[in-house]
Amino acid sequence: VPVNAQGAEGFRTLGELEETAGRRCSPAVWGYIQGGAGEERTVQRNRDAFGRWALRPRVLAGLSEIDLSTRMLRDAVSVPFYLAPTAYQGMVHPDGERGTARAASAARVLSMVSTLTSDSLEQIAAASPGGPRWFQLYLQPEFSVTQRLIERAERAGYTALVVTADAPLLAVRDRQRRSGFALDDAIPLGNGPDVRPPARELASKGGGKFAVREEATVGWEILDQLRRVTKLPLVVKGILSAEDARLAVSHGAQAVIVSNHGGRQLDGAAAPLDVLPEVVAAVGTSAEVYLDGGIRRANDVLTALALGARAVGLGRPVLWALAVDGSTGVARLLDLLTIELASVMLFTGRGSISQVDRSLVQPVTP
Ligand SMILES: Cc1cc2nc3c(=O)[nH]c(=O)nc-3n(C[C@H](O)[C@H](O)[C@H](O)COP(=O)(O)O)c2cc1C
């Protein structure tokens, strides 16, 4: 392996990032990052979905500039991709969420910051004072704890609340189990000891009955309740149907994220890319629609945008970059993806994000 600017173990291309990160992480941490629910059919499907679309090049389009900037709700961002929320980044690299947020903020890329961070949400905000930064909320067993988290996020300058709806319970992830990683309440959380991850199992009551933990028993009215305690715009993450997208918007969500949690929750669920058109058709005129799951290269970003996403989230790639080179690695990932996106825009004859439309893609047999 030739030595490069990042050192022999850095990454020069997006394509080698995953493998390089795999060599850097302990098997337990790698199992946690990579693992999906069950036998990972949905993890695979998330990627496969992109293979069914080709980009349509356009030539001699007369472009003198490529402008990747766009808006996500009230935030101006430099690119139509963002950092999806991922937990426990301190396990991946000592730079942790502060390092990730610093790199994103410097590039004016939006970070969605998890509830389950190794650093506190205030430390993360201090490391990325200009944002843009949204807070991802996991509902807590006691609403008072949820409310305190929201108040802290508001005070620290987070500009939207992303409510993750697809984790009423953490799914059994075979690979994670095999690698010996257990997400237990003993892993210290930056936001304090009263903050808890989703339940790891349903409590058996015998006779085939199971009890659901308090915070996961709520229905859509939880969005109305949240709107009573915050003025931050609400974004619902983990939507995979037109029905739920409509419900989210009718309860006040200003944006929805089409996502299956990176294939980590319901194994067998559809790929976000395959669901995107129905969600855009259902709510696209009244809410912003984002997508995450399987985004690895600029062509993936553009495919999702062509099918109606306003912006797309990166989950695992950010953890890979962080594992390889901390905050510097994340900066490099964002830089490589941005440059690649600008060139793909030129090849497809689009000078700005508003010019990306359905005619940019065509279905193909993989
Ligand atoms: C290690 C890991 C931790 C995650 N933690 C969270 C989390 O705390 N909150 C959340 O809403 N989603 C979480 N997610 C899901 C991501 O936000 C996102 O939906 C998913 O990773 C996107 O798919 P990708 O990894 O293929 O890019 C996590 C994903 C991974 C891989």
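Treat the numbers as computed from the prediction; the structure is a model and nothing was measured.

### Notes on empty space enclosed by the protein
Item 1. Tallied over the full model, the rule gives 1 cavity of 30 Å³ or more.
Item 2. If you add up the space inside the largest cavity, you get close to 90 Å³.
Item 3. Lining the largest cavity are 14 residues; nearest its centre among them are Q89, E97, T100, M112 and V113.
Item 4. Sorting the residues of the lining of the largest cavity by element identifies α4 (96-106) and β5 (111-113) as the ones contributing at least two each.
Item 5. For the lining of the largest cavity, the residue count by class is 7 nonpolar, 6 polar and 1 charged.

### Some details on the nonpolar core
Item 1. Within the largest apolar cluster, 96 residues are counted, with the highest numbers of intra-cluster contacts made by F81, Y158, L273, V279 and V312.
Item 2. Setting aside residues no more than four positions away along its own chain, V312 makes contact with P80, F81, Y82, L291, I295, V301, A304 and L305.
Item 3. Core analysis: the second largest hydrophobic core is formed by 15 residues, M72, L110, V162 and V235 among them.

### Quick notes on the confidence of the model for the chain
Item 1. Overall, the predicted model of the chain reaches an average pLDDT of 95, with 96% of residues at or above 70.
Item 2. Considering only residues more than four positions removed or in separate chains, one finds that residues 1-6, a stretch of pLDDT under 50, has 10 contacts.

### Here we look at a nonpolar patch on the surface
Item 1. Together, L202, F210 and V212 line one region of the surface with nonpolar side chains, adding up to about 270 Å² of accessible area.
Item 2. Note that V212 resides in the loop between β9 (209-211) and α8 (221-229).
Item 3. For V212, a relative accessible area of 43% translates into the label partly exposed.

### Focus: helix α2 (residues 27-34)
Item 1. With 6 of 8 residues buried, α2 lies mostly within the body of the structure.
Item 2. By the burial criterion, the buried members of α2 are V29, W30, G31, Y32, I33 and Q34.
Item 3. On the buried face of α2, the contacting elements are α1 (17-24), α7 (174-179) and α12 (316-347).

### What about the pairing of strand β10 (residues 234-239)?
Item 1. Most of β10 is tucked away, with 6 of its 6 residues classed as buried.
Item 2. Bridge count between strand β7 (residues 161-164) and β10: 4 bridges; the pairing is parallel. Paired with L161 across the bridge in β10 is L234.
Item 3. In the sheet, β10 pairs with strand β11 (residues 255-258) via 4 bridges, with the strands oriented parallel. Opposite I239, over in β11, you have V258 as the bridge partner.
Item 4. Once you follow β10 into helix α9 (residues 242-250) and on to β11, the crossover reads as right-handed.

### Here we look at the site of the ligand
Item 1. Looking at the ligand, there are 23 residues lining it, with P85, S114, T164, G294 and R296 nearest.
Item 2. Between the ligand and K237 there is a distance of 2.9 Å, counted from a nitrogen atom to a side-chain nitrogen or oxygen.
Item 3. Here S259 contributes a side-chain N or O atom positioned 3.4 Å from an oxygen atom of the ligand.
Item 4. Protein chains bury 98% of the 600 Å² of accessible surface belonging to the ligand in isolation.
Item 5. Going through the elements one at a time, α2 and α12 are the ones with two or more residues in the shell around the ligand.
Item 6. Among the elements that make up the shell around the ligand, the one with the highest residue count is α12 (3 residues).
Item 7. Residue composition of the shell around the ligand, by class: 8 nonpolar, 10 polar and 5 charged.

### Side note on the packing of aromatic side chains
Item 1. Across all of its chains, the model carries 4 aromatic pairs by this definition.
Item 2. Between Y32 and Y88 the ring centres are 6.2 Å apart and the planes differ by 70°, which places this aromatic pair in the edge-to-face class. Placement of the pair is Y32 in helix α2 and Y88 in the loop between β4 (81-83) and α4, with a sequence separation of 56 residues. This pair shows no difference in class: Y32 is buried, exactly as Y88 is.
Item 3. Consider the rings of Y82 and Y290, whose centres lie 6.0 Å apart with planes at 70°: the pair is edge-to-face. Here Y290 lies in strand β12 (residues 288-292) and Y82 lies in strand β4, a separation of 208 residues in the sequence. Across this residue pair, the class does not change: Y82 and Y290 are buried.
Item 4. Over the ring of Y32 we find R264; its NZ or CZ atom is 5.1 Å from the centre of that ring.

### Side note on the packing of α1 against α12
Item 1. It is at 8 Å that the axes of α1 and α12 come closest, and there the two elements cross at 105°. Considering the angle they form, α1 stands roughly perpendicular to α12. Mapping the contact onto sequence places L17, E18, T20, A21 and R24 in α1 and P317, W320, A321, A323, V324 and L333 in α12.
Item 2. A class-by-class count of the residues in the contact of α1 with α12 yields 8 nonpolar, 1 polar and 2 charged.

Cut-offs used in this document
Residues numbered from 1 in each chain as written. Predicted model: local features only at pLDDT ≥ 70, side-chain atom pairs only at ≥ 80, totals over all residues. Heavy atoms only, no water. 1 Å grid on protein atoms, 1.4 Å probe; cavity = no way out; pocket = protein on both sides within 12 Å on 5 of 7 lines; lining within 4 Å. Points joined across faces, edges and corners; volume = space filled by probe spheres on them. Helix = DSSP H or I, 4+ residues; strand = E, 2+ residues; numbered from the N terminus. Nonpolar A, V, L, I, M, F, W, Y, C, P; charged D, E, K, R; others polar. Core = buried A, V, L, I, M, F, W, Y, C linked by side-chain atoms within 4.5 Å. Buried < 20%, exposed > 50% of the residue type's maximum accessible area, 1.4 Å probe, protein only. Contact = heavy atoms within 4.5 Å. pLDDT = per-residue confidence, 0-100. Patch = residues over 30% accessible without salt bridge, like charges linked within 9 Å, V, L, I, M, F, W, Y side chains within 5 Å. Areas by Shrake-Rupley, 256 points an atom, 1.4 Å probe, with all protein chains shown as cover. Salt bridge = Lys/Arg side-chain N within 4 Å of Asp/Glu carboxyl O. Pairing = 2+ DSSP bridges. Right-handed = clockwise from strand over helix to strand, strands pointing away. Near = heavy atom within 4 Å. Polar contact = N/O pair within 3.5 Å; in protein donor to acceptor, adjacent residues only side chain to side chain. Phe/Tyr/Trp six-rings, centres within 6.5 Å; stacked < 30°, edge-to-face > 60°. Lys NZ or Arg CZ within 6 Å of the ring centre and 35° of its normal. Axes fitted to C-alpha atoms, helices over the stretch in contact; angles between N-to-C directions. Parallel < 35°, antiparallel > 145°, perpendicular 65-115°, else oblique.

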